[in-house]
Amino acid sequence: GYLDRTKDVKRVLRENYEQAKRWGLTPVEVATLASIVEEETNKRDEMGKVAGLYMNRLRKGMPLQADPTVKFAHGDFSLKPPGPIRIPSKQTINAVLTHTPNGYFYMCAKEDFSGYHNFAVTLAEHQRNAIRYQQALNRLGIR
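The rules behind the values
- Residues numbered from 1 in each chain as written.
- Predicted model: local features only at pLDDT ≥ 70, side-chain atom pairs only at ≥ 80, totals over all residues.
- Heavy atoms only, no water.
- Helix = DSSP H or I, 4+ residues; strand = E, 2+ residues; numbered from the N terminus.
- Buried < 20%, exposed > 50% of the residue type's maximum accessible area, 1.4 Å probe, protein only.
- Contact = heavy atoms within 4.5 Å.
- Areas by Shrake-Rupley, 256 points an atom, 1.4 Å probe, with all protein chains shown as cover.
- pLDDT = per-residue confidence, 0-100.
- Salt bridge = Lys/Arg side-chain N within 4 Å of Asp/Glu carboxyl O.

Asks: Explain the overall build of the chain to me, and be specific about the residues and the numbers.
Replies: When you go through the chain residue by residue, the secondary structure sums to seven helices and two strands. Expressed as a percentage of the 143 residues in the chain, the buried residues total 39%. In the chain, once contacts between residues fewer than 6 apart in sequence are set aside, the share between residues at least 24 apart is 61%. For the chain, the computed accessible surface area is about 8,600 Å², with 54% contributed by carbon and sulfur atoms.

In structure tokens, the structure reads:
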């Protein structure tokens, strides 16, 4: 249950402390990032890419602008999550710790509704992805 998962997470973070330091993250920051990644996608093969995107935003000093953090803040856009917004799985923590660096700063749900995302380096590219997704929603009559 909950306590076992918490113990597992603490153990994984302790065992990977040096890897977290190489990314410039504390164990709490790794768990926080993993909790956001896990809320953003349930696609295991996409988690490392999502983690890389958020690492890029952190390095550049950009707001995370993650939907899960907005849900967590309950509409108060000045709040920043002080810690994990859920207990992430060991797999997601590993995805954060072993992510491959990428150049992405933006993501938008794919227009095929597969649960995957289109990733973008530039805001213009992201806006094109968002338009494609909105058009797909419009075709289905979803507003």
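Asks: Give me the confidence of the model for the chain: which residues, what numbers.
Replies: For the chain, per-residue confidence averages 89 on the pLDDT scale, and 90% of positions sit at 70 or higher. The element-level mean pLDDT for the chain is lowest in helix H5 (residues 67–73), coming to 59, with strand S2 (residues 117–120) highest at 98.

Asks: Describe the pattern of salt bridges, listing the residues and the values that go with them.
Replies: For the structure on display, the rule yields seven salt bridges. Between Arg-86 and Glu-38 there is a salt bridge, with its nearest N and O atoms 3.1 Å apart. Here Arg-86 is found in the loop between H5 and helix H6 (90–97), whereas its partner Glu-38 is found in helix H3 (residues 27–40), with 48 residues between them in sequence. Residue Glu-38 is classed as buried on the basis of its relative accessible area of 11%. Close ionic contact of Arg-132 with Glu-111 constitutes a salt bridge, the shortest N to O distance being 3.4 Å. Placement of the pair is Arg-132 in helix H7 (residues 123–139) and Glu-111 in the loop between strand S1 (106–109) and S2, with a sequence separation of 21 residues. By relative accessible area, Arg-132 is classed as partly exposed at 34%. For Glu-111, a relative accessible area of 27% corresponds to the partly exposed category. Each of the salt bridges in this network shares a partner with another, and the network as a whole consists of Asp-8, Arg-11, Glu-15 and Lys-90.

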